[in-house]
Amino acid sequence: MAVNTDKNSYTIIFAIAMVVVVGSVLAFTASSLKPNIEENKRMERQQNILYALGVNENEGTGDITFISTDKVAEAFTTNISEQIVLEVKDGKLIKEMTREAFMKSKAQGAGKEPYLIDVKKEQTKAKNGESRFLPLFKGTQDGKTVYVTAVRGKGLWDAIWGYVALDKDMVVQGAFFDHAGETPGLGANIKQRYFMDDFNGEHLLNEVGVFKGIKVAKGNNDPVNNDKTDFEVDALAGATITGDGVSAMIKKDLKLYLPYFKNLK
């Protein structure tokens, strides 16, 4: 018996069948690719943290070059001596956890590495009046202990984020920034090496220990960035809003680490 394909019922049944088939294929594909996606996320986070620490494959003054994916796991283990998780609320340090203690935390799910903390979700928790977790990575640079912190904010079009390496006095030793959708050639240049390198040596605290942050400033009268105690770096041309976003996330997120650095002294 021939099927009447002109009936509305046939069209509806065919559409439902296609939705089920396509949905099943997409679900299977997503499930199959999940391990690869998670592995890529792990490698990217480790590369970014190491870059801020100064562990990379840069040459000369050209583009940024990360540690290669086949070396990053070993480099992370070698250069990051300790992963610390800080629990903070309302600007106060509630608890300091080791990697092992954090990974056993039921609130986060057993086995979750500190470097995989979702900073966006932690910011949402804080907005809801809850405590939040801050990842902190301890390593060395030229024989000196350095602490890599995580930041996240809002650019012109979408999220911006990064890692900032600090010494015990909260002087910047390195930085890495990235974005989800800033304008190419303008705001997207926060990921350029010349911009990130400008932060090296910048102070976050004034002479009496008050947190000041670092402003991406237009016309700061220090275009070659010789003054490291003015709490400013030169702005990117045509990217005022993105620059303001970088300034805001540094001031907002790095200030959360202040109680920990005060305890170091």
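In this report, the structure presented in the accompanying data block is examined.

Procedures and definitions
- Residues numbered from 1 in each chain as written.
- Predicted model: local features only at pLDDT ≥ 70, side-chain atom pairs only at ≥ 80, totals over all residues.
- Heavy atoms only, no water.
- Core = buried A, V, L, I, M, F, W, Y, C linked by side-chain atoms within 4.5 Å.
- Buried < 20%, exposed > 50% of the residue type's maximum accessible area, 1.4 Å probe, protein only.
- Helix = DSSP H or I, 4+ residues; strand = E, 2+ residues; numbered from the N terminus.
- Contact = heavy atoms within 4.5 Å.
- Salt bridge = Lys/Arg side-chain N within 4 Å of Asp/Glu carboxyl O.
- Phe/Tyr/Trp six-rings, centres within 6.5 Å; stacked < 30°, edge-to-face > 60°.

Among the nonpolar cores identified, the biggest contains 57 residues, and Phe 177, Phe 199 and Val 246 are the most heavily contacted of them. When residues of this core are assigned to their parent elements, the largest contribution, 6 residues, is made by helix H1 (residues 8-53). If we skip the residues at most four places from it in the chain, Phe 199 touches Val 172, Ala 175, Phe 177, Ile 214, Val 216, Val 233, Val 246 and Ile 250. Counting residues in hydrophobic clusters, the runner-up holds 5 residues, among them Val 85, Met 97, Phe 102 and Phe 133.

Moving on, we get to the pattern of salt bridges. Pairs can form between side chains of opposite charge whenever their charged atoms are close. Enumeration according to the criterion identifies 12 salt bridges in this entry. Here Lys 125 makes a salt bridge to Glu 122, at a shortest N to O gap of 3.1 Å. You can see Lys 125 and its partner Glu 122 sitting in helix H4 (residues 119-127), 3 residues apart, about one turn around the helix. Accessibility classification places Lys 125 together with Glu 122 in one group, the buried group. Through salt bridges with shared partners, a single ionic network connects Arg 99, Glu 100 and Glu 113.

Following the criterion strictly, the structure yields 12 aromatic pairs and no others. Relative to Phe 176, the ring of Phe 66 has its centre 5.5 Å away and its plane inclined at 65°; by these criteria the two rings are edge-to-face. You can see Phe 66 sitting in the loop between H1 and helix H2 (72-79) and its partner Phe 176 sitting in strand E6 (residues 172-179), a full 110 residues away along the chain. Judged by its relative accessible area of 22%, Phe 66 falls in the partly exposed class. Judged by its relative accessible area of 0%, Phe 176 is buried. On the basis of an interplanar angle of 70° and a centroid distance of 6.4 Å, the ring pair of Phe 76 and Phe 137 is categorised as edge-to-face.

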